[in-house]
Amino acid sequence: MVTFSLRDSTGAFGPLVLLLIVLVCSCVSCSKEPTGDTPPRNLIIFVWDAVRADHVGLYGYETETTPNLDQYAKNAVVFDRAYAPAPWTVPSVTSLHTSVRPPVHGVTRSPNSERFHVLSDRFVTLAEMLRDNAYVTGSITSQPWFSAKLGLSAGFDHFDVVSDIDAPNEAGEVSDAIIAWLNDHRDERFFLFSMYMGGHFPYNTPRTHTPVSSKNLENTDLAKRLMALLERNEISRIQRRAFSRRISDLSHSDEWNKEGTDYLVARYDERIKYTDQQ
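Residues numbered from 1 in each chain as written. Predicted model: local features only at pLDDT ≥ 70, side-chain atom pairs only at ≥ 80, totals over all residues. Heavy atoms only, no water.

### Here we look at the overall build of the chain
Thought 1: Looking only at helices and strands, the chain features eight helices and seven strands.
Thought 2: For the chain, the proportion of its 278 residues judged to be buried stands at 47%.
Thought 3: A separation of at least 24 residues holds for 67% of the contacts in the chain among residues at least 6 apart in sequence.
Thought 4: When the accessible surface of the chain is split by element, carbon and sulfur atoms take 51% of a total near 14,400 Å². (Helix = DSSP H or I, 4+ residues; strand = E, 2+ residues; numbered from the N terminus. Buried < 20%, exposed > 50% of the residue type's maximum accessible area, 1.4 Å probe, protein only. Contact = heavy atoms within 4.5 Å. Areas by Shrake-Rupley, 256 points an atom, 1.4 Å probe, with all protein chains shown as cover.)

### Focus: the environment of Lys 273
Thought 1: Mapped onto the fold, Lys 273 is located in helix α8 (residues 258-277).
Thought 2: Overall, the relative accessible area of 14% leaves Lys 273 in the buried class.

### Focus on the nonpolar core
Thought 1: Within the largest apolar cluster, 21 residues are counted, with the highest numbers of intra-cluster contacts made by Trp 48, Val 51, Ile 140, Ile 178, Trp 181 and Tyr 196.
Thought 2: Of all the secondary structure elements, the ones that give two or more residues to this core are β3 (43-48), β5 (136-141), α5 (170-184), β7 (190-196) and α8.
Thought 3: With four residues, the single largest contributor to this core is α5.
Thought 4: Residues Val 47, Ala 127, Phe 146 and Phe 191 belong to the second largest nonpolar core, which totals 18 residues. (Core = buried A, V, L, I, M, F, W, Y, C linked by side-chain atoms within 4.5 Å.)

### Considerations on the packing of aromatic side chains
A ring pair, where both rings are aromatic, is described by two values, the distance of the centres and the angle of the planes.
Thought 1: For the structure shown, the criterion picks out nine aromatic pairs.
Thought 2: Judged by centre distance (5.1 Å) and plane angle (65°), the ring pair of Phe 46 and Tyr 196 falls under edge-to-face. Of this pair, Phe 46 sits in strand β3 while Tyr 196 sits in strand β7, placing them 150 residues apart in sequence.
Thought 3: Given a relative accessible area of 17%, Phe 46 falls into the buried group.
Thought 4: Judged by centre distance (6.4 Å) and plane angle (80°), the rings of Phe 146 and Phe 156 are edge-to-face. (Phe/Tyr/Trp six-rings, centres within 6.5 Å; stacked < 30°, edge-to-face > 60°.)

### Some remarks on the pattern of salt bridges
Thought 1: Scanning all chains against the criterion turns up three salt bridges.
Thought 2: Arg 52 serves as the salt-bridge partner of Asp 54, at 2.5 Å between the closest nitrogen and oxygen.
Thought 3: Residues Arg 271 and Glu 170 are paired through a salt bridge, measuring 3.0 Å at the closest nitrogen-oxygen approach. With Arg 271 in helix α8 and Glu 170 in helix α5, this pair connects stretches of sequence that are 101 residues apart.
Thought 4: Judged by its relative accessible area of 1%, Arg 271 falls in the buried class. (Salt bridge = Lys/Arg side-chain N within 4 Å of Asp/Glu carboxyl O.)

### Quick notes on the environment of Lys 149
Thought 1: Mapped onto the elements, Lys 149 comes out in the loop between β5 and β6 (158-161).
Thought 2: For the pair Lys 149 and Asn 112, spaced 37 residues apart in sequence, the C-alpha separation works out to 9.6 Å.
Thought 3: Every residue in contact with Lys 149, bar those within four places of it in the chain, is listed here: Pro 111, Phe 116 and Val 118.
Thought 4: In this structure the side chain of Lys 149 is engaged in a polar contact, spanning 2.9 Å, whose partner is the backbone oxygen of Pro 111. (Polar contact = N/O pair within 3.5 Å; in protein donor to acceptor, adjacent residues only side chain to side chain.)

### Comments concerning the side chain of Glu 170
Thought 1: Accessibility expressed as a relative area gives 1% for Glu 170, which makes it buried.
Thought 2: There is a polar contact of 3.0 Å between the side chain of Glu 170 and the side chain of Arg 271.

### As for unusual backbone geometry
Thought 1: Positive phi, close to 65°, is recorded for Ala 50, a residue that is not glycine.
Thought 2: Mapped onto the elements of the fold, Ala 50 is located in the loop between β3 and α1 (67-73).
Thought 3: Residues other than glycine seldom take positive phi values, yet Ser 99 does so here, at roughly 65°.
Thought 4: The residue Ser 99 is located in the loop between α2 (89-98) and α3 (102-105) in this model.
Thought 5: The exposure class of Ser 99 is exposed, given its relative accessible area of 68%.

### A few points about the environment of His 158
Thought 1: Looking at the secondary structure, you find His 158 in strand β6.
Thought 2: Given the relative accessible area of 30%, His 158 is considered partly exposed.
Thought 3: Sequence-wise, His 158 and Ser 139 are 19 residues apart; in three dimensions their C-alpha atoms are separated by 6.0 Å.
Thought 4: Excluding its chain neighbours within four sequence positions, the residues that come into contact with His 158 are Thr 137, Gly 138, Ser 139, Ile 140 and Trp 181.

Structural data, given as structure tokens:
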């Protein structure tokens, strides 16, 4: 496993909610067929959206948010310093699949924008390269912005967005779909791209999930107001922006206090831990 953490130029963890990318792979070769007793070489790319490196146990976070990832990392290669080519999903993930920077590939707007850009077919994606070398290729995500509308399905035999990012059990749905796909292709050489939204607003988790924080934060008046905003699972994406602004406005008001911050951080950590358990 190769783990990319995001830090600033001083080596300290940056303050923004950034993209944590985890690559889980056994060596991949695009130029040679397996020979003799060489087993198939498969590649899985696992992207965990909106997870801060400083909220991951293997990077020193004291709250237990990622025990399974931490355990896996003990026998893996872990990088302490790596940099995303952009601070948000669409251009960053497009660069991951094309190995060129956002100004080169030009996919820098969401598929919901009026003037979005489609990936040019002059760029060969990782999925296209592997498919041309006898790999079965699949993409299973819960990220609607990793979209065929932007040309990002190029090279994938299977391309599916299986859950909504607001769904409390989003990670479980993605994992179930991944396991089913892997079982279907266990005897083939495969490349799987998967993406979870486990650190993304609105921080929903199933009711059966055990909270990370032992503090009874939900009893404060401010936390109750925040909880009412966060648990409106039926809100649309446009409405979610309005709720985000309301939370942002509240955080800059005189009503804000440390309990409000603690509550949001606890909800964020719970979403991360739930995804780690899946």
